[in-house]
Amino acid sequence: MTTVSAEYVVEKAQQRRKLPPALIAGGAVLGVIVGLAIFAPLVTSYNPTTQDLTNILAGPSAAHWLGTDQLGRDVWSRLVYGARTDLFVAFIAVLSPFVIGTLAGVFAGYFGSALDATVMRLADVVVAFPFYVLVMLLVFLLGPGTGSIIIAITVVSWVSYARIVRGATLVAKNQEYVLATKAEGFSTSRIVLRHIVPNVVSQAIVFATSDIVLDILAIVTLGYLGLGIPPPTPDWGEMMASGQQFLTTHWELSTIPGIAVVLTGLGLSLLGDGLAELLSVER
Amino acid sequence: MRRSTALTAIAGSALLMLPLTAAVAEASPRAHEVRPDAIQRGGTLTFARSTDILTLDPTNMTDNESIWAAENIYETLYVSAPNGHSLEPWLATSYTLSPNHLTWTFNLRHGVRFQNGKPMTSADVKFSIDRVSAKATNPFAFIDTAIANIATPNPYTVVITTKYPWAPLLSDMALFANGIIPDNFGGETQAQFFAHPIGTGPFMVKQWVKGSVLELVKNPYYWQPGKPYLDAVNFTAVPDDNTRQLQVESGQAQIDEFPPFSSISQLQHTAGVTATLFPASWTEFLQFNEDQKPFADLNVRRAISYAVDREAMVQAVLFGHGTVANSILSPALWAHDPSAPGIQYNFKAAKEAMAKSSVPHGFSTTLIVGSGDSTENSLGQIVQAELKPLGIKVTLKEVDPNSEYTDIQNGQYQMAFNYDTTDIIDPDEMISFSAMGGNTGQKTHALFTNWDSPQVDSWAEQAERIFSQAQRQQLYDKIQVQVAEDAPMAFLYYEPFAYAYSTKVHGFDVYPTGNYHLENVWLSH
């Protein structure tokens, strides 16, 4: 047993030395963005909501690195605080369906029969509607705001996690290590949570890294459509929408938050690829 | 850009008054300054507007795009003068009013032909005007309710008898809804007729591709000698501001309706493009719903009115292309009082008013803004920031622009942005619509603020029944003072109509009522 353990440790250490390049690149891009978001008060001295109506639509300068918007607010400051808003909401909006979907999937897969049928038919109902149609409808009904966005995305997104995890659970529950725990007489909750979940969750984690890209796009889209986080809270989608009227005069107002969305999406996609490689999950 | 200005007229008072001093003007159609030999004929004008027309039936149109296009297809007996202060004879050449003020006799212009070549007669006028109030549900039925009957003693005389003395009649005759079409739809059914309608205007309908373009061509029988100069006019629907602007710059279109104010100075420096701001009657308000706490409190309304920096709004939203408002009435109307004491920005006074109010430490409230309406979103965020120091926490609620006005009408708001414009040249429409309370039978209840001032109501009703403009002016001055003091809404600014057009376009003019006479427009080739 000791030798096996040592070999395992060595193998793991080698793997760790050879991190997938996509993971490193994605991590770096995202790291910078997350870092700016976390340390927003340190990288800008302006309050993102403070208006200066005497200095509107000013171009980039030493005082305002990216200029000011139509209400004289510092664009750089709104960009980094917008990253804070959007990334935070996206994180919660991916965590919540991740937890709910994983639990629903693992229990449905493990117990099967009536529970499985109920969960999966519920999932079919949700999948019957296009993602944006359902999210926009829910946000509209609940009223624009952070809470509504998270609820709406959760209601729609849990399905993907549930389906992925259910499939993996169906395979896992007949594996020998599970049968062994059953034979040992472990409680059902212990079998599911301690033995099955850790083995099926990696697929959900990898999916989450691509799902969060979709969520960020959804949050920005809702903001662009006026269904997002209410003003004056900075949000990339709202920045793009309000800059649109100045496309011929101040193109940078819409373009800068657009580039931020693209970079964040790119970083997360690379991170997801790298993570899939690392966790050896077939995508 | 937003709601139709004509909607204001639908719900507005039927008491549209006209100063008779202005009404008796006997001018011929406006002569243009350009030497006749300089004018070039022919060509197609492409007029890019934000939305398409909705109907070709003048009695049923309420949106500005339909109205402003229709005014080039159908014509009225009288028209508003270019400065918006008086009326000019058009399809009628003159009128007489009986001493008892009940019988108006109009003499029709000879030689006016419909677009099918048939002459216009008094029967056509009677049919057209009778149609407006034929159904009570017609949007402008109220305009003609005072009319008892219309007689046609001969083909060139129309006698309109009113049920009671009705001074605004001449002004009513200049409203697009009273535009003249052939008697009995020229023998067709209403539906058949409006599929390819005809009027006496300078342009006639070639085809209407719904949602895309209304194509008009020159009326060969037009009564004004030598006009129109253009061969055709295409009203295209181009919703995106940036696209309209690029079309004019590239020559795809010649006129861009409502370029954003942010682009005006850029357009003014673009070679080959003229950007003009035409004086309009557009008055922008921040209004309060008095049925919702705490807006019944005068001090709260005054505090908010004092806290709003109008100059900053004009700079930030209109990019300086507007003026700070001092009165409920637009300067485009003769009754506007330049010295009316509309509340202006004064933060100290705002704090004092707030301290005297029922909520001295502030309160939370909701301000509705149209979703996707960049102007209202900017204004909303400015108000939100400016009321914060007073302890007033404003939540911006974005609502569907189509339901925004319905919400306001139904009193489902606390604070909202709104505006008023006039469709006629008399101040009464704006006063009735935005200042008269529900007790007068005015359905709009002071622009849906639910504000009531028996004093203002009484002055407004007196002003409707007086024929001397000087005496009416005195009453309107009092009204403007009282409304300013009571602040049922904060008057924000007066906004012009912005148009950008190719330098090849000549003779293009927009009146304060919003309409344009395209028979005067020509293109240099």
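Residues numbered from 1 in each chain as written. Chains lettered and ligands numbered in written order. Predicted model: local features only at pLDDT ≥ 70, side-chain atom pairs only at ≥ 80, totals over all residues. Heavy atoms only, no water.

The subject of this paragraph is the overall build of chain B. Tallying secondary structure elements over chain B gives 17 helices and 19 strands in all. Taking 24 Å as the expected radius of gyration for a compact globule of 525 residues, we find that chain B reaches 23 Å, a close match to that expectation. C-alpha extents for chain B along the principal axes are approximately 70 × 60 × 40 Å. Expressed as a percentage of its 525 residues, the buried residues of chain B come to 63%. Once local pairs closer than 6 in sequence are excluded, the contacts in chain B between residues at least 24 apart make up 71%. In the structure as shown, chain B presents an accessible area of about 18,500 Å², 53% of it carried by carbon and sulfur atoms. Computing the positive centroid from 33 side-chain charges and the negative centroid from 53, chain B places the two 1 Å apart. (Helix = DSSP H or I, 4+ residues; strand = E, 2+ residues; numbered from the N terminus. Rg over C-alpha atoms; globule rule 2.2 N^0.38 Å. Buried < 20%, exposed > 50% of the residue type's maximum accessible area, 1.4 Å probe, protein only. Contact = heavy atoms within 4.5 Å. Areas by Shrake-Rupley, 256 points an atom, 1.4 Å probe, with all protein chains shown as cover. Lys, Arg positive; Asp, Glu negative; His and termini not counted. Charge placed at Lys NZ, Arg CZ, Asp CG, Glu CD.)

Time to look at the environment of N289 of chain B. Residue and element names in this part refer to chain B. Tracing the backbone shows N289 in the loop between β12 (273-288) and α9 (298-307). On the accessibility criterion, N289 (1% relative accessible area) is buried. In this structure, N289 is in contact with F295, G411, Y413, Q414, T449 and N450, ignoring residues within four places of it in sequence. Engagement of the side chain of N289 in a polar contact is seen with the backbone oxygen of G411, the distance being 2.9 Å. (Polar contact = N/O pair within 3.5 Å; in protein donor to acceptor, adjacent residues only side chain to side chain.)

How big an interface is tends to be stated in terms of the accessible area lost upon association of its parts. All names here are of chain B. In terms of domain boundaries, chain B breaks down into domain 1 (51-198) and domain 2 (280-496). Averaged C-alpha coordinates put domain 1 and domain 2 at centres separated by 34 Å. Both faces considered, domain 1 and domain 2 share a buried interface measuring about 740 Å² in area, 67% of it formed by carbon and sulfur atoms. The three residues of domain 1 that bury the most area against domain 2 are H85, A167 and S171, which together make up 46% of that side's buried surface. Between domain 1 and domain 2 we count zero salt bridges in total. Summed over the shared surface of domain 1 and domain 2, the number is one residue pair in polar contact (both at pLDDT 80 or more). (Domains from an automatic or database assignment. Buried area = accessible area lost by both parts, 1.4 Å probe. Salt bridge = Lys/Arg side-chain N within 4 Å of Asp/Glu carboxyl O.)

With that settled, consider the sheet that holds strand β5 (residues 103-108) of chain B. All names here are of chain B. The four strands are arranged β4-β5-β7-β6 in an open sheet whose pairing can be described as antiparallel. A strand with exactly one partner marks an edge of an open sheet, and here the two such strands are β4 (92-97) and β6 (147-154). Averaged over neighbouring strand pairs, the angle between their axes works out to 20° when direction is ignored. Bridging between β5 and strand β7 (residues 157-162) involves five bridges; their strand directions are antiparallel. Across the sheet, residue F106 finds its bridge partner in β7, namely V158. The sheet strands contacting helix α4 (residues 122-132) are β5, β6 and β7, and the helix crosses β6 at an angle near 170°. (Pairing = 2+ DSSP bridges. Axes fitted to C-alpha atoms, helices over the stretch in contact; angles between N-to-C directions.)

Here we take up the nonpolar core. Counting residues in each nonpolar core, the largest one holds 124 residues, and the members touching the most others are W236 of chain A together with L286, I304, L367, L387 and M415 of chain B. Top element by residues in this core is helix α4 (residues 75-111) of chain A. It accounts for 16 residues. Aside from chain neighbours lying at most four places away, what touches L286 of chain B is I304, V308, L367, V383, M415, A416, F417, M489, A490 and L492 of chain B. Formed by 75 residues, the second largest nonpolar core is a distinct cluster that contains I67, W166, V205 and Y516 of chain B. (Core = buried A, V, L, I, M, F, W, Y, C linked by side-chain atoms within 4.5 Å.)

This next bit is on the pattern of salt bridges. Note on pairing: side chains with opposite charge can pair once their charged atoms come close. Under the criterion given, the structure shown has 15 salt bridges over all chains. Of the charged contacts in the structure, one is a salt bridge between E215 of chain B and K206 of chain B, with a shortest N-O distance of 3.6 Å. One network of salt bridges, with partners in common, ties together D69, R73, R78 and E238 of chain A.

Residues and elements named next belong to chain A. Along its 15 residues, helix α5 (residues 113-127) runs 21 Å from first to last C-alpha, staying within 8% of the 21 Å computed at 1.5 Å per residue. Residues of α5 that are buried: D116, V119, M120, A123 and V126. Each buried residue of α5 sits inside an arc of 110° when the element is viewed along its axis, so together they form one side. The exposed set on the far side of α5, more than 90 degrees from its buried face, consists of S113 and A114. On its buried face, α5 is in contact with α4, α6 (131-142) and α7 (146-172). (Expected span 1.5 Å × (residues − 1). Arc of directions from axis to C-beta.)

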